[in-house]
Amino acid sequence: MSIFSHTHIHVRAIVKDDDLSGSVQPTDTAADSQATPATTPAATPVADAADAAVSPKDAHSTGVGDSGRWSTRRIAMYACFVALSMALSFVEFPLIPGVPWLKYDPSGIVALVAGFAYGPAAALIVSILGFVPHLFISPWGTLMAWLVAIGLSVPAAVIYRRMHTRPGAVLGLVVGAIVALALAILGNLVITPMYAHMTVAQVAALIVPALLPFNLAKYAINCVVTFLIYKPVSELLNKSAR
């Protein structure tokens, strides 16, 4: 028959309350002389919920569920925008009479809408991947298309993200158009002579009669159409995310 001895030990406990912080009061506690093995506390529902929020849901998850920057839903939407941009990049037609090699395609609108909806990263991805098929047809032309598409969509998306209003959208589109126009003129002066069998002087002579009006018309179309359709497209994307 085992006998347990109990002793009463006076200890000083810190009592914290709203009126007296750190006051000391004596209390009596009974300490068992026989040591008991340490036990691990059971997991609480709060901890389980936190772990579930951090852990991926399944093997195909990106680790951020369906709402992060690289969520499965977001990647799927990027792919849709890229596919639409690719398709529209082959819809080409001239805008300026007498200069048939300057052709307009509406793929820039897709990059702008993607940038407004999902930010500068989406604008960059759609601008680049949307023209990948043309890389095997006209590498230099694709480089020019990348420059102007990125110059138009990325600054617009950056400004609209910081000024998420209609004036912010207008400002972003105007700034993007100015940046893209500058890149288009410089790119034509540097890149066009490399593949079009033209001198820099010949390209410079086309700036005022052809390059400038073509690019102004191109960016005006892209910006106006984007401004008109972005809100309906945004509402549609929000409904599909619910």
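Please read all numbers here as calculations on a predicted model, not as lab measurements. (Residues numbered from 1 in each chain as written. Predicted model: local features only at pLDDT ≥ 70, side-chain atom pairs only at ≥ 80, totals over all residues. Heavy atoms only, no water.)

## Notes on the confidence of the model for the chain
Inference 1: When pLDDT is averaged along the chain, the result is 78, and 71% of the positions lie at 70 or above.
Inference 2: Note that pLDDT drops below 50 for residues 1–66; the model gives that stretch 48 contacts with residues more than four away or on any other chain. (pLDDT = per-residue confidence, 0-100. Contact = heavy atoms within 4.5 Å.)

## Quick notes on the packing of helix α2 (residues 72–89) against helix α3 (residues 107–118)
Inference 1: It is at 8 Å that the axes of α2 and α3 come closest, and there the two elements cross at 165 degrees. Considered as vectors, α2 and α3 are oriented roughly antiparallel to each other. Where α2 crosses over α3, the handedness of that crossing is right-handed. Across from Arg-74, Met-77, Tyr-78, Phe-81, Leu-84, Ser-85, Leu-88 and Ser-89 in α2, the residues of α3 making contact are Ser-107, Val-110, Val-113, Ala-114 and Tyr-118.
Inference 2: Class assignment of the residues belonging to the contact of α2 with α3 gives a composition of nine nonpolar, three polar and one charged. (Axes fitted to C-alpha atoms, helices over the stretch in contact; angles between N-to-C directions. Helix = DSSP H or I, 4+ residues; strand = E, 2+ residues; numbered from the N terminus. Parallel < 35°, antiparallel > 145°, perpendicular 65-115°, else oblique. Left-handed = near helix turned anticlockwise from the far one by under 90°. Nonpolar A, V, L, I, M, F, W, Y, C, P; charged D, E, K, R; others polar.)

## Quick notes on the packing of aromatic side chains
Inference 1: Within this structure, the stated rule accounts for six aromatic pairs.
Inference 2: Aromatic pair Phe-81 and Tyr-118: ring centres 6.1 Å apart, planes at 75 degrees, arrangement edge-to-face. One end of the pair, Phe-81, is in helix α2; the other, Tyr-118, is in helix α3, with 37 residues separating them in the sequence.
Inference 3: Under the relative-accessibility criterion, Phe-81 is labelled buried at 9%.
Inference 4: Taking 5.5 Å as the distance between ring centres and 65 degrees as the angle between the ring planes, the aromatic pair formed by Phe-93 and Tyr-104 counts as edge-to-face. (Phe/Tyr/Trp six-rings, centres within 6.5 Å; stacked < 30°, edge-to-face > 60°. Buried < 20%, exposed > 50% of the residue type's maximum accessible area, 1.4 Å probe, protein only.)

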